[in-house]
Amino acid sequence: MVTAIEPLLREQLLDRRYKLESATNAFQDVSELSRLLEEVDAALKRMDLGTYGLCEVCHDPVETDRLIADPLTRFCLGDLTPIEQQALEEDLQLASTIQTGLLPQPSQKFDGWEIAYHYQPAGLVSGDYCDLITNEEQTLHFVLGDVSGKGVAASMLMAHLQAMFRTLVSTRLPLDQILERASRVFCESTLPTHYATLACGKASPGGEVEICNAGHLPPLWIHQRAVQSIEATGLPLGVFSNEHFSVNRFQMQIGDTLFLYTDGLSETLDGIGSEYGVERLSRLLSENHALSPKALIETCVREVHAFRIGKPPSDDLTLMAIQRVG
Ligand SMILES: [Zn+2]
């Protein structure tokens, strides 16, 4: 893994070296700058020797997302000093607070629609993306996605997606074009190993819904006791830079609910290792079709928690319910 990202990290180090050198010429007190410069040179030397990215204590590979965040990292998580560990925990806590601040209001009403969601990271930060974007033209855009991987690297990409969709939706482009542009930008700005599955939709006051799905789990449309899955219309974002998406259009009746989720729900395991699965989920949604979005989400969360029999979650979990209320 380190070898795959090494050229990128080398470029970052050389860039840092250049900036430090320029700064050294401009300042009087250069001792701190020279120390940093030495660290950068030592990292470049480790690359030449082939020891870059290996922990200096145990010689195991250093975690990739930590190298991406700081190419000068020399120790694996297990070999940090207590002070370094505390600093890292504080950083994560702050990242978690910032990520929570990126989320929309937990439950809201908008021109004929009532929406609720549940967003639960497996650790302190999540690679799931959940958003509700409204505009003065009385349309509601909803997005639910899942970035490959977990932890800090995935949460940074989640923040990148959030900024991108907030901007793209404000341009009022059709849904398929929003996804095509998002895919291109995402592809050009991330590592080839990273991608995101994502379902993005638009709900109009009259009940018409459009959905574009980039390789994400099909949203479920609940009409009375019938649960219908809205199939994917494209590949995940970030796989190819010139992807095309098609739009699914349908008319929702008053009382109908659209349910979106990440694989943290369907792939939850019970005590003997069997998956929760879509069938079980569809049955639950059918039985509880008359509930409000908030009550439906709460029921699902309770059910999945009970299914896991108290074990901690192994993946980020996000659920969203959008109901037409008239
Ligand atoms: Zn180590």
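Remember, predicted model here, so these are calculated numbers, not experimental data.

Student: An account of the side chain of Asp256 is needed here, citing residue identities and associated values.
Tutor: Tracing the sequence through the fold places Asp256 in the loop between β9 (248-251) and β10 (257-261). In this structure, Asp256 is buried with no salt-bridge partner, the nearest side chain bearing the opposite charge being Arg324 at 7.3 Å. There is a polar contact of 2.9 Å between the side chain of Asp256 and the backbone nitrogen of Gln253. Beyond its immediate chain neighbours, meaning those up to four positions away, Asp256 contacts Trp221, Ile222, His223, Gln224, Ile322, Gln323 and Arg324.

Student: Talk me through the state of the cysteines; I want residue IDs and the actual numbers.
Tutor: Scanning all chains against the criterion turns up zero disulfides. Cysteine Cys130 shares no disulfide, and the gap to the nearest cysteine sulfur, in Cys200, comes to 12 Å.

Student: So, the sheet that holds strand β8 (residues 226-229): which residues are in play, and what are the values?
Tutor: Strand order in this open sheet of six strands is β1-β2-β11-β10-β7-β8, and the pairing throughout is antiparallel. If you trace the sheet from one side to the other, it starts and ends with β1 (107-110) and β8, each paired once. Neighbour-to-neighbour, the strand axes of the sheet open up by a mean angle of 20°, direction not taken into account. Sheet analysis places strand β7 (residues 220-223) next to β8, joined by four bridges and oriented antiparallel. Bridging across to β8, Ile222 finds its partner in Val227.

Student: Requested: an account of the environment of Ala154, with residues and values cited.
Tutor: With respect to the element layout, Ala154 can be found in helix α5 (residues 151-170). In this structure Ala154 comes out as buried when scored by relative accessible area, which is 1%. Distance in space between the C-alpha atoms of Ala154 and Arg324 is 32 Å, their sequence separation being 170 residues. Discounting residues that sit within four places of it in the chain, Ala154 has contacts with Ser126, Gly127, Val147, Ser148 and Gly149.

Student: Quick one: what's the story with the pairing of strand β5 (residues 196-203), residue by residue and with numbers?
Tutor: Counting buried residues along β5, seven of its eight residues qualify, which places the element largely inside the surrounding structure. Alignment of β5 against strand β6 (residues 208-214), held across six bridges, turns out to be antiparallel. What sits directly across from Leu198, in β6, is Ala214. If you look at the hairpin formed by β5 and β6, you'll find four residues sitting between the two strands, and Gly207 has a positive phi there, around 100°.

Student: Describe the sheet that holds β9, listing the residues and the values that go with them.
Tutor: Pairing is antiparallel across the open sheet formed by five strands, whose spatial order is β3-β4-β5-β6-β9. For this open sheet the edge positions go to β3 (128-134) and β9, each flanked by a neighbour on one side alone. Direction aside, neighbouring strands of the sheet carry axes that sit 15° apart on average. Sheet strands touched by α5: β3, β4 (140-147) and β5. Its angle to β3, the strand with the most contacts, is close to 20°.

Cut-offs applied
Residues numbered from 1 in each chain as written. Predicted model: local features only at pLDDT ≥ 70, side-chain atom pairs only at ≥ 80, totals over all residues. Heavy atoms only, no water. Helix = DSSP H or I, 4+ residues; strand = E, 2+ residues; numbered from the N terminus. Buried < 20%, exposed > 50% of the residue type's maximum accessible area, 1.4 Å probe, protein only. Lys, Arg positive; Asp, Glu negative; His and termini not counted. Salt bridge = Lys/Arg side-chain N within 4 Å of Asp/Glu carboxyl O. Polar contact = N/O pair within 3.5 Å; in protein donor to acceptor, adjacent residues only side chain to side chain. Contact = heavy atoms within 4.5 Å. Disulfide = S-S within 2.5 Å. Pairing = 2+ DSSP bridges. Axes fitted to C-alpha atoms, helices over the stretch in contact; angles between N-to-C directions.

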